[in-house]
Amino acid sequence: MRGRCLCGAVSYDLDPPFTWASHCHCASCRRAHAAAFVSWATVKALQLRVTAGEDRLTRYTSSPGAHRFFCGTCGSHLYMRYDAEPAWVWITVATLTTPPERAPDRHYSFEERAPWFPFTDALPRLRGKTDEPV
């Protein structure tokens, strides 16, 4: 799979498979992406290769140990890493330019969802980053 930022300065290749694919509704993700929720695919860090524009990547630490990487030119959020889980990377599904291998199959942090966005799907709605239903 391939992906890139809006302006094309940063591009990446991603080897399947996804370990997880989910929608996140936490306030940090909503604010960082200016969206009702963000769709993430989680892969082993070795599955991601930045193929162009690595020097254009900017890192923002949104909470202790949580780092969001985005294009310093256009601002597209591309992926996220956690100090506590260095073997993993979270890719923004919307930046893929090729079809993802599968769609997200759950909602995380659903208790923090935007109250103005209606949900009618049947995917599990979970509390925080747990398997506990909301």
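First things first, this report covers the structure right here in the doc. It should be emphasised that the depicted structure is a prediction, and the values quoted were computed from it without experimental measurement.

### Description of the pattern of salt bridges
One side chain can pair with another of opposite charge once the charged atoms of both are near each other. The tally for this structure, following the rule as stated, stands at six salt bridges. Residues Asp131 and Arg106 are paired through a salt bridge, measuring 3.9 Å at the closest nitrogen-oxygen approach. With Asp131 in the segment after strand S10 (107-108) and Arg106 in the loop between strand S9 (88-92) and S10, the pair connects residues that are 25 residues apart, well separated along the chain. What makes Asp131 exposed here is its relative accessible area of 60%. One continuous salt-bridge network, built from bridges that share partners, spans Arg102, Asp105, Arg106 and Asp131.

### Remarks on the sheet that holds strand S5 (residues 48-52)
Pairing is antiparallel in the open sheet, where three strands are placed in the order S1-S2-S5. The open sheet has two edge strands with one neighbour each: strand S1 (2-4) and S5. Between one strand axis and the next, the sheet turns through 30° on average, direction left out of account. Direction of pairing for strand S2 (residues 11-14) relative to S5: antiparallel, over a ladder of four bridges. Its bridge partner lying in S5, Tyr12 is registered against Val50.

### Section: the packing of aromatic side chains
Enumeration over the complete set of coordinates arrives at eight aromatic pairs. Note on Trp20 and Trp88: the rings are 5.1 Å apart at their centroids and 50° apart in plane angle, and the pair reads as tilted. Highlighted residues: Trp20 in strand S3 (residues 20-24) and Trp88 in strand S9, separated in sequence by 68 residues. Note on Tyr82 and Trp90: the rings are 4.8 Å apart at their centroids and 85° apart in plane angle, and the pair reads as edge-to-face. Classification of Tyr82 as partly exposed rests on a relative accessible area of 28%. Ring pairs connect the aromatic residues Phe37, Phe110, Trp116, Phe117 and Phe119, which therefore count as one cluster.

### What about the side chain of His23?
Here His23 is to be found in strand S3. Side chain to side chain, His23 and Ser39 meet in a polar contact 2.7 Å long. Ignoring anything within four residues of it in the chain, the contact list for His23 reads Phe37, Val38, Ser39, Pro104, Arg106, His107, Tyr108 and Leu123.

### A few points about the layout of surface pockets
Quantified by volume, the largest pocket comes out at close to 400 Å³. Lining the largest pocket are 17 residues, and of these Thr42, Tyr82, Trp90, Tyr108 and Lys129 lie nearest its centre. When residues of the lining of the largest pocket are traced back to their parent elements, those giving at least two are S3, helix H1 (27-33), strand S4 (38-44), strand S6 (57-63) and strand S8 (77-82). Sort the elements by how many residues they give to the lining of the largest pocket and S3 lands first, with three residues. Looking at the lining of the largest pocket, its residues break down into nine nonpolar, five polar and three charged.

Thresholds applied
Residues numbered from 1 in each chain as written. Predicted model: local features only at pLDDT ≥ 70, side-chain atom pairs only at ≥ 80, totals over all residues. Heavy atoms only, no water. Salt bridge = Lys/Arg side-chain N within 4 Å of Asp/Glu carboxyl O. Helix = DSSP H or I, 4+ residues; strand = E, 2+ residues; numbered from the N terminus. Buried < 20%, exposed > 50% of the residue type's maximum accessible area, 1.4 Å probe, protein only. Pairing = 2+ DSSP bridges. Axes fitted to C-alpha atoms, helices over the stretch in contact; angles between N-to-C directions. Phe/Tyr/Trp six-rings, centres within 6.5 Å; stacked < 30°, edge-to-face > 60°. Polar contact = N/O pair within 3.5 Å; in protein donor to acceptor, adjacent residues only side chain to side chain. Contact = heavy atoms within 4.5 Å. 1 Å grid on protein atoms, 1.4 Å probe; cavity = no way out; pocket = protein on both sides within 12 Å on 5 of 7 lines; lining within 4 Å. Points joined across faces, edges and corners; volume = space filled by probe spheres on them. Nonpolar A, V, L, I, M, F, W, Y, C, P; charged D, E, K, R; others polar.

None of this, on its own, says anything about what the molecule does.
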